[in-house]
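Fold and geometry: a report
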Amino acid sequence: MRLRAVITAAAFVAIAVGAFQPMYLRIFAMNADGLRAAYTELPYRRIPGLRKLLVESGAHMPPGATVALWVPFQEWDGGYGYAFRRAPFLMPDKNVVPIDRINNAQYLVCWHGCPRVIGFATVWRSPEGELMRR
Amino acid sequence: MIAAIVTALLALLAGLPFSRRIGEAYLLGVGIQAAILCVLPWSRPMIITALFVWSAGLLAWRRPERPSLHWPSLHWLDLATLVLIAGYARFATLASPTEIDYICIWGLKAERFFFAHGIDWNFLAQPFNAFVHPDYPLLVPLAYDFQAIVGDAWIERWAGALNIGCGIAALLIIRSELRGWIGALTAFILMPLVFSPYVGDAEGPLIAYSVAAILPLRRRENVTRSAVFLGLAASCKNEGLTLIVAVAIAMMIAGAKQLIPKLWPAVAIPLPWLIISRLHHLHSDFAAGSVMDRIVEHATNPAPMLQAMASYPPGRVIFWIGLAAALAIGWRRVVTDERFLASVIGLQLLAFIAAYVITPHDVSWHVRWSWERVVLQVTALLAFLAIVVNVKYLDALLPHRDHADAHRLRDSVASRSAEHSDRIDA
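Residues numbered from 1 in each chain as written. Chains lettered and ligands numbered in written order. Predicted model: local features only at pLDDT ≥ 70, side-chain atom pairs only at ≥ 80, totals over all residues. Heavy atoms only, no water.

1. Focus on the overall build of chain A
Scanning chain A from N- to C-terminus turns up five helices and five strands. For chain A, the C-alpha radius of gyration of 23 Å lies well beyond 14 Å, the compact-globule estimate for 134 residues. Overall size of chain A, expressed as C-alpha extent along the three principal axes, is 80 × 30 × 25 Å. The long-range share in chain A, meaning contacts at least 24 apart out of those at least 6 apart in sequence, stands at 59%. When the 16 basic and 9 acidic side-chain charges of chain A are each reduced to a single mean position, those positions are 8 Å apart. (Helix = DSSP H or I, 4+ residues; strand = E, 2+ residues; numbered from the N terminus. Rg over C-alpha atoms; globule rule 2.2 N^0.38 Å. Contact = heavy atoms within 4.5 Å. Lys, Arg positive; Asp, Glu negative; His and termini not counted. Charge placed at Lys NZ, Arg CZ, Asp CG, Glu CD.)

2. Regarding the pattern of salt bridges
Residue and element names in this part refer to chain A. All chains considered together, the criterion is met by 22 salt bridges over all chains. Between E128 and K52 there is a salt bridge; the shortest N-O distance is 3.7 Å. In this pair, E128 sits in the loop between β4 (121–126) and β5 (129–133) while K52 sits in helix α4 (residues 50–58), placing the two residues 76 residues apart along the sequence. Exposure remark for E128: the relative accessible area of 15% places this residue in the buried category. Judged by its relative accessible area of 38%, K52 falls in the partly exposed class. (Salt bridge = Lys/Arg side-chain N within 4 Å of Asp/Glu carboxyl O. Buried < 20%, exposed > 50% of the residue type's maximum accessible area, 1.4 Å probe, protein only.)

3. What about the side chain of T379 of chain B?
All names here are of chain B. Examined against the element boundaries, T379 turns out to sit in helix α20 (residues 363–388). Residue classification places T379 among the buried residues on the basis of a relative accessible area of 5%. Other than its neighbours up to four places away in sequence, T379 contacts L193, F319 and W320.

4. Comments concerning the pairing of β4 of chain A
Residue and element names in this part refer to chain A. Two elements, β4 and β5, share five bridges in a ladder whose sense is antiparallel. Across the sheet, the residue bridging to R125 is E130, located in β5. Connecting β4 to the next strand, β5, in antiparallel fashion are two residues. (Pairing = 2+ DSSP bridges.)

5. Description of the packing of aromatic side chains
Tallied over the entire structure, the rule returns 20 aromatic pairs over all chains. Geometrically, the ring pair formed by F114 of chain B and F115 of chain B is edge-to-face, given 5.4 Å between the ring centres and 75° between the ring planes. Three or more aromatic residues joined by ring pairs form one cluster here, namely Y24 and Y39 of chain A together with Y88, F91 and F195 of chain B. For R86 of chain A, the ring lying beneath its charged end belongs to Y82 of chain A, and the centroid distance is 3.6 Å. Lying over the aromatic face of W106 of chain B, K109 of chain B brings its terminal NZ or CZ to 5.9 Å of the ring centre. (Phe/Tyr/Trp six-rings, centres within 6.5 Å; stacked < 30°, edge-to-face > 60°. Lys NZ or Arg CZ within 6 Å of the ring centre and 35° of its normal.)

6. Points about the confidence of the model for chain B
Residue and element names in this part refer to chain B. Within chain B, residue pLDDT values average 86, and 85% of them lie at 70 or more. With pLDDT under 50 throughout, residues 417–426 is counted as low confidence; its partners more than four residues away or in other chains account for 15 contacts. For this predicted complex, the interface score ipTM comes out at 0.93, while the overall pTM is 0.90. (pLDDT = per-residue confidence, 0-100.)

Right, here's the structure in full:
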């Protein structure tokens, strides 16, 4: 009985150690502002500036506008999907459509500058990219 | 969050006892909030008025003669758990959730619906928005929307509050299952398993509803109320649907098949969404293409799936070693008194694996990005099982002054087991 108790206690210690998340203690000593800034950029880190571009360009469009997204990656799994899936969250009151539906779009937002697109003119530009309107 | 707390407190004042029921009331409150958004216009005055009318109705219906506000005695370990909860609360609300499933599924739907003042069926139906998994149930996005409507602004970093509330609710329920220092120890050990690190995703609420549903069913207590929580679990994620099946089969295994009809709320609650989503042609990606071909392919060549599971294990190895050792020591109780809980966990794990067998995605990719997260849905229950089957062995390690408490605890477990047998016999 005593041996089983010792093994049980050891098993409980292993479960506790294995489940423990030191982050929940460390976080009290961490710089909240720095961590907040890092967390905010974290989901968009593979396309630097994308979050800032989409948030700022969203402010230059009316609610309900249909906007196509352009990034210099054609393949869905090769970068386009990464940007497209994140865009609606950053522009929740806009209708974000993929670049192949540009004919339905009133606006075009491009990361790091737009290609020449007939019928669209630049309305706003930043170091992160450009916004065009039909 | 505020609305859910108010709801929970009003439920308490309506005659429900303290501690455990505050957890149940919170979870029920979140479910009712989502239901309110399914039937009422999304306007702040309307929602707040509905909240007060409903609460007043609840008070009138169950006016307590003497509200029970008794709080169970606390152990110093509870303070350690509270410190961890405070750390989690800081972690969860430091910034808007960073989980990709929050940004592409749960948070995106909620945010989109909030700005559209209702469920945006057009958004869900667009083929290029298939990545949002339009067929997933809506309880979690609607819970975020309720927060946003009451607060009159998008919730940003306060989305994490739902995870905190659900974690606390689940831990209160777990803490009330075992008395004394064992209860405190269990809560301390299970805290990181109950408070999902996937902040913003549906795992946190799903874990809480699973705990609220399954732990009382171990004793065949409050079957209908447990079924309500089971239905709410199925309204969080599709894994909740397989959990209903797992519970029904586990009841048969545990010799309580006569109670299965009492689980009807578990089916009735998610059913409207299942019907409406099909009417809107919102299908799961699992149903795409030839399911049979994929089953044959993955079943005849399971190596990629197993390799991926080995390459991306859920959690730390030491956790699983401890768990295996504890279950091995208490195996006799696992297969007797606790065979319901053990069966539910085992069947649900099989359902997770079945999902990989029929997945339309690359199986290695699918396992890599979901295995740890989905297994977390049952690890709290698994760790609870490992602890509860070994309670008596800890007796021998207790200092003398704690023996009386341990005996009381053991008697309590034994009497509950006897109560089980009586109910099953009845």
